[in-house]
Amino acid sequence: MTVLAQLAERLQQGDAPGVAQLTRAAITEGVEPRVILDSGLIAGMNVVGARFKSHEIYLPDVLLAAKAMYAGMDLLKPLMIRDGIPSRGRVVMGTVQGDMHDIGKNLVSIMLRGAGFEVVDLGKDVPPERFIQAAIESNAGVIGLSALLTTTMPGMRRVVELARERQLQGKTRVIVGGAPLSREYARDIGADAYCFDGTSAVDCVKSIFGVS
Amino acid sequence: MSGLRGRLARGERLISDGAMGTQLQERGLLPGACPEQVNIEHPEVPAEIARLYAEAGAHIVQANTFGASPLKLSHWGLDRRTEEINRAAVQAARAGVSRSTLVAASIGPTGRLLEPYGDTDPEAVLAAFRRQLASVYAEGVDLIVIETMTDLAEALLALRAAREIDASMPVAVTLTFEPSPTGFRTIMGTGVQEAVQALSANGADILGSNCGLGSESMVAVAREFQTHTRLPLMMQPNAGLPVLKGDTAVYLETPDTMARHAQQLLACDVSIVGGCCGTTPAHIRALRAVVDGRPLRIDRRPA
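We now examine the overall build of chain B. Per the secondary structure count, chain B includes 12 helices and 12 strands. Taking 19 Å as the expected radius of gyration for a compact globule of 303 residues, we find that chain B reaches 18 Å, a close match to that expectation. With the C-alpha coordinates aligned to their principal axes, the bounding extent of chain B is approximately 50 × 45 × 40 Å. A total of 303 residues make up chain B; the buried ones form 56% of that total. Restricting to contacts in chain B with at least 6 residues of sequence separation, those with at least 24 account for 79%.

So, in structure tokens, the structure goes:
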């Protein structure tokens, strides 16, 4: 088995020390950082995502795999920055103003990072302006909004409006998710997409950035 | 202290109360505010909600302590007031009801993901539950309801903390499930059978489910529980799933619909039936009528 195949397998098992060790080995063997990321880490994470989607495995397994992914990413990141390799895309994430619930948002952030995207996590109770400001500053292609409370959902509409006012359409897409939301609501407020769960958020961001 | 165990052992069917959060929102709880802060600032509000549920026929009312673990309260910098907030909640519930009504402490999730898959040390979660439970216990409750749990590991930590305080205190543990191709599971993947085994082995007196589902699905959950345990069951469904009307979500399941499914819950040997999100005193009144064997009064008001 090649080092990359082993890497993908250890990642699926959520074995962070194993992933770190194999990533180091691949780097030593002279494998390109981008190849280690795509054919090792992301390849493994794609299997995890597919198994999660088909209910073969559950959230804890996904979270452990994502942790293992970080263990590899931490080693690759400095090399990718050194070589000027762009990230797969940048996403600004946060729970909207007035909402203190961040588990859902954290899960989506973990899964997006696990899929190789850069996430700028603004935390919870985030005012609309702050999303826009962060998206402009970090040149993010996606703003991801989360809400658990039905009472805080209007904050999502405000972010979409602000993105329009600041002429971010075309540059930055606004995607929304959270327990009380629906496709209809997302369409109604003019969001670019509704994500039913973490896996669909990953699929959605992949399609926005045109990566697989 | 309550004789609750005896009542359940004799096969008595009890009604618990309805939603707290949506009732607080109707009374001005703002988005993002701490739902338990009202206990120390306006204790008359949770007292009134307890009174309305008791008057509607609830045998058990739950104190407004769901999110009052210090880990959760720390979101608002209120963790230093954990004892005060929990004790005030139990006092408020007692103040609203007569002596014959049982007062339960509600223990909800801390909102943290546990290690190894999350970043929170299970010891910190255990310590938080111990502190909250010591406060409600000091004030005197008849029952502890550990609820809306989706991580079995966290539920077991709360159960352990409750058991340590008083082995004779009745403790109910109810998880939140969602349908999956392999039966009902929590978002963390725990199925009913696994939950039953772990919770029974660790001393839970009452098992069941709350939130996440409307009353019809809750009947299916109850059937699954019934096949795996002979412990008393407690089921508290939502008033359906939230439906968006403009920017607000509403729960449309009527008291009548819930009462019809409550009959099926009782047929599955469920001992305690109550309501979660979106349920109101009108729902509890309808549930009480079912337990009392009174004919259902059809509620024809539009939802």
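Below, the discussion takes up the overall build of chain A. When you go through chain A residue by residue, the secondary structure sums to nine helices and five strands. The secondary structure elements of chain A, listed N-terminal to C-terminal, are α-α-α-α-β-α-β-α-β-α-β-α-β-α. Relative to the compact-globule value of 17 Å for 212 residues, chain A shows a C-alpha radius of gyration of 17 Å, a close match. Overall, chain A is about 50 × 35 × 25 Å in size when its C-alpha atoms are taken along their principal axes. Taken over 212 residues, chain A has a buried fraction of 52%. For chain A, restricting intrachain contacts to residue pairs at least 6 apart in sequence, the fraction spanning at least 24 positions comes to 73%.

Let us now look at the sheet that holds strand 8 (residues 206-210) of chain B. Residues and elements named next belong to chain B. Pairing within the open sheet is parallel, and its eight strands lie in the order 1-12-9-8-5-4-3-2. The sheet is open, and its two edges are formed by strand 1 (14-15) and strand 2 (60-63), each paired on a single side. Where strand 3 (residues 102-107) lies against strand 4 (residues 143-149), four bridges are found, and the strand directions are parallel. The residue bridging isoleucine 107 from the neighbouring strand is isoleucine 146, located in strand 4.

Attention now moves to the sheet that holds strand 5 (residues 193-195) of chain A. Residue and element names in this part refer to chain A. If you trace the five strands from one edge of the open sheet to the other, you get 2-1-3-4-5, paired in parallel fashion. This sheet does not close on itself; its edge strands, each paired only once, are strand 2 (118-121) and strand 5. Within the sheet, the average angular offset between the axes of one strand and its neighbour, ignoring direction, is 25°. Examined bridge by bridge, strand 1 (residues 90-95) and strand 2 share four bridges and lie parallel to one another. Following the sheet pairing, valine 91 is matched in strand 2 by valine 119. On the sheet, helix 6 (residues 128-138) packs against strand 1, strand 2 and strand 3 (142-146) and is oriented at approximately 165° with respect to strand 1.

Across the boundary between the two partners, chain B contributes 20 residues, which contact 20 residues of chain A. Of the residues assigned to the side of chain B that touches chain A, the class counts are 10 nonpolar, nine polar and one charged.

We now examine the domain arrangement of chain A. Residues and elements named next belong to chain A. For chain A, the assigned domains are domain 1 (3-82) and domain 2 (90-209). Spacing between the C-alpha centres of domain 1 and domain 2 amounts to 25 Å. At the interface, 12 residues of domain 1 touch eight residues of domain 2. If you list the elements that add at least two residues to the side of domain 1 that touches domain 2, you get helix 3 (33-53) and helix 4 (59-82).

Residues and elements named next belong to chain B. Those residues of helix 9 (residues 192-201) that sit buried are Val192, Ala195 and Leu199. Mapping the buried residues of helix 9 onto a view down its axis gives an arc of 60°, with all of them on the same face. Facing away from the buried surface of helix 9 by more than 90 degrees, the exposed residues are Gln197 and Ala201. Along its buried surface, helix 9 packs onto helix 8 (152-165), strand 5 (171-175), strand 7 (183-185), strand 8 and helix 10 (215-228). With its phi angle positive at about 90°, glycine 203 sits one or two positions after the end of helix 9.

All names here are of chain B. With 96% of its residues at a pLDDT of 70 or more, chain B has an overall mean of 94. When the criterion is pLDDT under 50, residues 298-303 qualifies, and its contacts beyond four places in sequence or with other chains add up to six contacts. Listed scores for the predicted complex are pTM 0.91 and ipTM 0.85.

Below, the discussion takes up the packing of helix 4 (residues 44-56) of chain B against helix 6 (residues 82-96) of chain B. Residue and element names in this part refer to chain B. For the pair helix 4 and helix 6, interaxial distance at closest approach is 7 Å and the crossing angle is 45°. Between helix 4 and helix 6, the crossing angle belongs to the class labelled oblique. Where helix 4 crosses over helix 6, the two elements pack in a sense that is right-handed. Contact with helix 4, carried on its side by Pro46, Ala47, Glu48, Ala50, Arg51 and Ala54, involves Ala89, Ala92, Ala93, Ala95 and Gly96 of helix 6 and no other residues of that element. For the contact of helix 4 with helix 6, the residue count by class is eight nonpolar, one polar and two charged.

Calculation criteria
Residues numbered from 1 in each chain as written. Chains lettered and ligands numbered in written order. Predicted model: local features only at pLDDT ≥ 70, side-chain atom pairs only at ≥ 80, totals over all residues. Helix = DSSP H or I, 4+ residues; strand = E, 2+ residues; numbered from the N terminus. Rg over C-alpha atoms; globule rule 2.2 N^0.38 Å. Buried ≥ 20, exposed ≤ 12 C-beta atoms within 10 Å, placed from the backbone. Contact = placed C-beta atoms within 7 Å. Pairing = 2+ DSSP bridges. Axes fitted to C-alpha atoms, helices over the stretch in contact; angles between N-to-C directions. Nonpolar A, V, L, I, M, F, W, Y, C, P; charged D, E, K, R; others polar. Domains from an automatic or database assignment. Arc of directions from axis to C-beta. pLDDT = per-residue confidence, 0-100. Parallel < 35°, antiparallel > 145°, perpendicular 65-115°, else oblique. Left-handed = near helix turned anticlockwise from the far one by under 90°.

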